Amino acid sequence: NAGVTQTPKFQVLKTGQSMTLQCAQDMNHNSMYWYRQDPGMGLRLIYYSASEGTTDKGEVPNGYNVSRLNKREFSLRLESAAPSQTSVYFCASSERRRRGDTGELFFGEGSRLTVL
Amino acid sequence: RKEVEQDPGPFNVPEGATVAFNCTYSNSASQSFFWYRQDCRKEPKLLMSVYSSGNEDGRFTAQLNRASQYISLLIRDSKLSDSATYLCVVNPYNAGNNRKLIWGLGTSLAVNP
């Protein structure tokens, strides 16, 4: 049972470098999310995707781009990394029923990113 | 006032103890509530949804108090494996839209032998 898989698990970047975090889920969920988690801050939503081909900005989208390639995959790209983007990034997915998202989010194991 | 507030702890309790956490929320129109558990350096996992009538799952009981705007989590007969951070999550708007979920900072629990 893979659930939500995200790669890489660890990455060190220099300021200005770019990278893409990959995320895939095998639960046939429509809704997918990218969060970041920082000390002293709750989980903050970067981007959300309700279905293939649609994406919406979350609370902290600046400096990030996303791509919902298909129903399974939702990638997060940092075009020009900054030290402020040092964080733990979590991808998540949830089932979306006729009345909307269900409340249970399934998370990947996280990607620890350090920007020097 | 923060939208979702939790006592960060840590709560240090012996095995077998009963421990309770509260979480207050500021938006009285909030629609849905959850407790997630996050182990150290791991991802959050849903522990329980919180229903208006209260709900119980084994040793865990969740309650909602709309009048005072808080939810609670009670853990009975604590186990070493209960050591984790417990995150309170509130949906202040449309219950079917997870884009607006607000995550608390978590309450740290350490269960000691």
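Since the model is a prediction, treat every value here as computed from it, not as a measurement. (Residues numbered from 1 in each chain as written. Chains lettered and ligands numbered in written order. Predicted model: local features only at pLDDT ≥ 70, side-chain atom pairs only at ≥ 80, totals over all residues. Heavy atoms only, no water.)

Participant: Would you mind going over the state of the cysteines with me for this structure?
Facilitator: When the sulfur atoms of two cysteines share a covalent bond, that bond is a disulfide. The tally for this structure, following the rule as stated, stands at two disulfides over all chains. Through a disulfide, A:Cys23 is tied to A:Cys91; the S-S separation comes to 1.8 Å. With the S-S bond torsion at -75°, the cross-link from A:Cys23 to A:Cys91 turns out left-handed. Here A:Cys23 is found in strand S3 (residues 19-25), whereas its partner A:Cys91 is found in strand S9 (residues 87-94), with 68 residues between them in sequence. At a sulfur-sulfur separation of 1.9 Å, the disulfide partner of B:Cys23 is B:Cys88. With the S-S dihedral at roughly -70°, the linkage between B:Cys23 and B:Cys88 falls on the left-handed side. Residue B:Cys23 is located in strand S3 (residues 19-25), and its partner B:Cys88 is located in strand S9 (residues 84-91); the two are separated by 65 residues in the primary sequence. (Disulfide = S-S within 2.5 Å. Helix = DSSP H or I, 4+ residues; strand = E, 2+ residues; numbered from the N terminus.)

Participant: Sorry, what's going on with the interface of chain B and chain A here?
Facilitator: When the parts of a complex come together, some accessible area is lost, and that lost area is often taken as the interface size. The interface of chain B with chain A comprises 17 residues on the first partner and 25 residues on the second. Roughly 1600 Å² is buried in total at the junction of chain B and chain A, and carbon and sulfur atoms are behind 53% of that figure. For the chain B face of the interface with chain A, the top three residues by lost area are B:Asn98, B:Arg99 and B:Trp103, together amounting to 35%. Counting across the interface, chain B meets chain A through one salt bridge. Notably, a salt bridge pairs A:Asp56 with B:Arg99, separated by 3.4 Å at the nearest N-O pair. Summed over the shared surface of chain B and chain A, the number is six residue pairs in polar contact (both at pLDDT 80 or more). Of the residues forming the side of chain B that touches chain A, the biggest block, three residues, is contributed by strand S4 (residues 32-38) of chain B. The residue inventory of the side of chain B that touches chain A, partitioned by class, reads eight nonpolar, five polar and four charged. (Contact = heavy atoms within 4.5 Å. Buried area = accessible area lost by both parts, 1.4 Å probe. Salt bridge = Lys/Arg side-chain N within 4 Å of Asp/Glu carboxyl O. Polar contact = N/O pair within 3.5 Å; in protein donor to acceptor, adjacent residues only side chain to side chain. Nonpolar A, V, L, I, M, F, W, Y, C, P; charged D, E, K, R; others polar.)

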